[in-house]
Amino acid sequence: MREPDFEIDGWCLEDGEAYHADAPETFWIPERDRRESLEAGDHAKLIFCINVDNADGNVSFERMWVLVRERTSDGYLGVLNNEPDTVAENDEFWLGTELPFSAKHVIAIDERDATTTALALDEPRTRWPS
């Protein structure tokens, strides 16, 4: 399964491990083994690089929560659980959009509970292309 691509999708994910390596004292991320052991219902915070067309420039960065739906051979498949601030509601990238990600993208984790575990079973608003 391919990762989101800025040129194809209009957005992509930033490498949280690279941010941490550049500033280990000020940019903390969870331990790798925890980032590699997420389960359905956990929330993972990721950094999104989004193509925007506004007076401030053409690129915006947003930290948003993704609800983990399942593990894949490359990492995870989840759904966006935030509404992006920098783009208007649309059918391609909004709350409920399915997306793949991996442990290197995770910058924070919020543990699952019964409600989020049940939400992980819901059908996504938009499926990620195979």
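Just above, that's the structure.
Residues numbered from 1 in each chain as written. Predicted model: local features only at pLDDT ≥ 70, side-chain atom pairs only at ≥ 80, totals over all residues. Heavy atoms only, no water.

## Quick look at the pattern of salt bridges
Reasoning step 1: According to the stated counting rule, one finds twelve salt bridges in the structure shown.
Reasoning step 2: Ionic pairing is found between Arg112 and Glu39, a salt bridge with its closest N-O pair at 3.4 Å. Here Arg112, found in the loop between strand S6 (108-110) and helix H4 (114-119), pairs with Glu39, found in the loop between helix H3 (32-35) and strand S2 (43-54); they are 73 residues apart in sequence, far enough to count as distant.
Reasoning step 3: The closest approach of N and O atoms between Glu98 and Arg69, which form a salt bridge, is 2.7 Å. (Salt bridge = Lys/Arg side-chain N within 4 Å of Asp/Glu carboxyl O. Helix = DSSP H or I, 4+ residues; strand = E, 2+ residues; numbered from the N terminus.)

## Overview of the packing of aromatic side chains
Reasoning step 1: Going through the model one piece at a time under the given rule, you end up with six aromatic pairs.
Reasoning step 2: Arranged with centres 5.9 Å apart and planes meeting at 70 degrees, the rings of Trp11 and Trp128 form a pair that is edge-to-face. Of this pair, Trp11 sits in strand S1 (residues 11-13) while Trp128 sits in the segment after H4, and the two are 117 residues apart along the sequence.
Reasoning step 3: A relative accessible area of 3% places Trp11 in the buried class.
Reasoning step 4: Summarising the aromatic geometry, the rings of Phe48 and Phe93 are spaced 5.7 Å apart at their centres and angled 50 degrees between planes, so their arrangement reads as tilted. (Phe/Tyr/Trp six-rings, centres within 6.5 Å; stacked < 30°, edge-to-face > 60°. Buried < 20%, exposed > 50% of the residue type's maximum accessible area, 1.4 Å probe, protein only.)

## Description of the side chain of Arg69
Reasoning step 1: Along the chain, the position of Arg69 falls in strand S3 (residues 57-71).
Reasoning step 2: Look at Arg69 and you get buried, because its relative accessible area is 14%.
Reasoning step 3: One polar contact links the side chain of Arg69 to the main-chain carbonyl oxygen of Ala120, over a distance of 3.3 Å.
Reasoning step 4: Filtering out sequence-adjacent residues up to four positions away, Arg69 remains in contact with Ala40, Leu77, Gly78, Val79, Glu98, Ala120, Leu121, Asp122, Pro124 and Arg127. (Polar contact = N/O pair within 3.5 Å; in protein donor to acceptor, adjacent residues only side chain to side chain. Contact = heavy atoms within 4.5 Å.)

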